[in-house]
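The chain contents come next:
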Amino acid sequence: MRSADLNRMSDVRKGYICTLSYGALLGLIGFFTTTLGNMGLTSFEINFQRFLVTVISIGLFLMVTRGKDGFRIDLKGFALCAFLGILGDVIMAYCYVEAIASIGMGLAAVILYTAPVFSTILARVFLKTPFNRCKGIALVLNLLGCFLAVTGGKASLGGLPASGVIIAFLCSIFFAVNILVTQFATDGRDPVTVCFYTFLVGVICLFFIVRPWNTGLEIWAPSVLMVSIPYGLIEGALGYVLYYTGIKLVQDPAKVNVLSSIEVAVAAVFGIIVYNEPHSLLRFVGMALILVSMWFVGRTPGEPRLEAGSHCSD
């Protein structure tokens, strides 16, 4: 095997680790948003604080490690960051929080993880990534696993507000688009720099939406900051640097979606252990199916943007 192919496989494996780590961290997001929501913060205020902490921490990291070169970005790259900041960091984040408030965290998470289907379609159309048997099996197992892990096989849309369900599906579509655009944004660019400008645009937008000068001192209370600062560091700075790096290295939106769905399993285990949420055999079966779907993803590590050869044939 050529040296370039070996290096590419190594990069993809690193991308898998970054994406899985991002998904695992994302599984804790419910703890932070629920805690801050119980303190009286709105979804916009919660995201504003997370983005602010993210921008400051990543900005300091770039300044210390790379100097002014860490902030260099071309006009096209900045335009893509601006798109990601508005769609992914403002609109999508708001939709997700609103969906959780409307139809509950469990069902919102299940609907959000229909995103691999949309990602597969978008990747096929815009990136010409092949769709083979391994990927199809991974998608089916992943969707079924997410459903069982969150609901235990018991879920009904009856009595739920249609607006909440629609918002959740919009969030799923936005998530798929966000991954595709992120892949273009990180192509040939430093993922940390892309992350910085994406969140910078997001925090500027939220600054004028939240208008923190009119919100009083409650969002700056020490008790709030004790939650929002680690929230921004863990779920913002660390999580999204891993996420952007993973997308850059994996180079397949559908695979990124499937791998990041480890969030569902982590969130389910966290809810059972910490919040004493009900558990059942089907929930554990769902978690197992999520892990199996990731194994199928790993069967074709060099597929995107390379020759079509893989362990599984079409």
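Quick note: structure is the one above.
Residues numbered from 1 in each chain as written. Predicted model: local features only at pLDDT ≥ 70, side-chain atom pairs only at ≥ 80, totals over all residues. Heavy atoms only, no water.

## A few points about the packing of helix α3 (residues 43-66) against helix α10 (residues 222-250)
Note the following rule: Angles shown run from 0 to 180 degrees and are taken between the N-to-C directions of axes, each axis being a line fitted to C-alpha atoms and, for helices, limited to the stretch in contact. The helix and strand labels rest on DSSP assignments: H or I over at least four residues marks a helix, E over at least two residues marks a strand, and numbering proceeds from the N terminus. When an angle is under 35 degrees it counts as roughly parallel; over 145 it counts as roughly antiparallel; between 65 and 115 it counts as roughly perpendicular; any other value is oblique. Helix crossings are classified by the rotation of the near helix relative to the far one: an anticlockwise turn of less than a right angle makes the crossing left-handed, while a clockwise turn makes it right-handed. The contact definition used throughout considers only heavy atoms, calling two residues in contact when any of these lie within 4.5 Å. Residues are grouped as follows: nonpolar covers Ala, Val, Leu, Ile, Met, Phe, Trp, Tyr, Cys and Pro; charged covers Asp, Glu, Lys and Arg; every other residue, Gly included, is treated as polar.
At a minimum axis distance of 8 Å, the contact between α3 and α10 shows a crossing angle of 60°. By the angle between their axes, α3 is oblique relative to α10. The two elements α3 and α10 cross, and the hand of that crossing is right-handed. Note on element contacts: α10 touches α3 through V224, L225, S228, I229, Y231, G232, L233, E235, G236, A237, Y240 and V241, opposite I46, N47, Q49, R50, V53, T54, S57 and I58. Its residues placed into classes, the contact of α3 with α10 shows eleven nonpolar, seven polar and two charged.

## Side note on the packing of aromatic side chains
The condition that has to hold: Any two rings among Phe, Tyr and Trp, with Trp reduced to its six-membered ring, count as a pair given centres within 6.5 Å; such a pair is stacked if its planes are under 30 degrees apart, edge-to-face if over 60, and tilted if neither. Between buried and exposed lies partly exposed: a residue is buried under 20% and exposed over 50% of the maximum accessible area for its type, with that area taken using a 1.4 Å probe on protein chains only.
Tallied over the entire structure, the rule returns 18 aromatic pairs. Ring plane angle 80° and centroid distance 5.2 Å describe the contact between F71 and F196, whose orientation is recorded as edge-to-face. Of this pair, F71 sits in the loop between α3 and α4 (75-103) while F196 sits in helix α9 (residues 191-210), placing them 125 residues apart in sequence. Residue classification places F71 among the partly exposed residues on the basis of a relative accessible area of 22%.

## Here we look at the packing of helix α6 (residues 115-127) against helix α7 (residues 133-151)
Direction vectors running N to C along α6 and α7 enclose 155°, while the axes themselves pass 9 Å from each other. As summarised for this structure, α6 and α7 are arranged roughly antiparallel, according to the angle between their axes. When α6 is examined against α7, the residues P116, V117 and T120 are found in contact with a partner set consisting of K135, L139, N142 and L143. Here the contact of α6 with α7 is built from residues that sort into four nonpolar, two polar and one charged.

## Focus: the nonpolar core
Looking at soluble globular proteins, one finds that nonpolar side chains tend to be buried together. The condition that has to hold: Take the buried residues of types Ala, Val, Leu, Ile, Met, Phe, Trp, Tyr and Cys, join any two whose side-chain atoms come within 4.5 Å, and each joined set is a nonpolar core.
F175 and Y243 are the most contacted members of the largest nonpolar core, which has 83 residues in total. The greatest single-element share of this core, amounting to eleven residues, is contributed by α4. Setting aside residues no more than four positions away along its own chain, F175 makes contact with Y22, M92, L112, A115, Y243, N257 and S260. Listed in part, the five residues of the second largest apolar core include L122, A123, A176 and L180.

## Some details on empty space enclosed by the protein
Test applied: Buriedness for pockets is judged along seven lines, at least five of which must meet protein on both sides within 12 Å for an open set on the 1 Å grid over protein atoms alone, while cavities are sets there where a 1.4 Å probe fits but cannot get out, and lining residues have an atom within 4 Å of a point. Grid points are joined across faces, edges and corners, and a volume is the space filled by probe spheres set on the points.
A full pass over the atoms with the stated rule returns two cavities of 30 Å³ or more. Volume-wise, the largest cavity comes out at about 240 Å³. Along the wall of the largest cavity there are 21 residues; nearest its centre are L26, I29, M92, Y96 and Y240. Elements with a minimum of two residues in the lining of the largest cavity: α1 (3-26), α2 (29-38), α3, α4, α8 (162-186) and α10. The leading source of residues in the lining of the largest cavity is α4, at seven residues.

## Overview of α3
Condition: The span one expects for a helix is its residue count, reduced by one, times 1.5 Å.
For α3, which comprises 24 residues, the first-to-last C-alpha distance of 33 Å matches the rise-based estimate of 34 Å (1.5 Å per residue) to within 8%. Of the residues trailing α3, G67 is marked for its positive phi of about 65°.

## Some words on the environment of R189
Operational definition: Two N or O atoms form a polar contact when they lie within 3.5 Å of each other; inside protein one atom must be a possible hydrogen donor and the other a possible acceptor, and for residues adjacent in sequence the pair counts only when both atoms belong to side chains.
One can find R189 in the loop between α8 and α9. When the C-alpha atoms of R189 and G77 are compared, they prove to be 7.9 Å apart, with 112 residues separating the residues in sequence. When residues no more than four places from it in sequence are discounted, the contact partners of R189 are I73, D74, K76, G77, L80, F184, V194 and K248. Polar side-chain contacts of R189 include one of 2.7 Å to the side chain of D74.

## Details of a nonpolar patch on the surface
Formally: Put simply, a patch holds well-exposed residues, over 30% relative accessible area, that have no salt bridge, with like charges counted together within 9 Å and Val, Leu, Ile, Met, Phe, Trp or Tyr side chains within 5 Å. Each accessible area is a Shrake-Rupley estimate made with a 1.4 Å probe; only the visible protein chains count as cover when residues are assessed. The salt bridge criterion pairs a side-chain nitrogen of Lys or Arg with a carboxyl oxygen of Asp or Glu, the two atoms within 4 Å.
Side chains of F31, V269, I273, V274 and Y275 sit close together on the surface and give an oily, nonpolar patch of about 460 Å² of accessible area. Here the nonpolar patch takes three residues from helix α12 (residues 262-274), the largest share from any one element. According to the relative accessible area criterion, V274 is partly exposed, its value standing at 46%.

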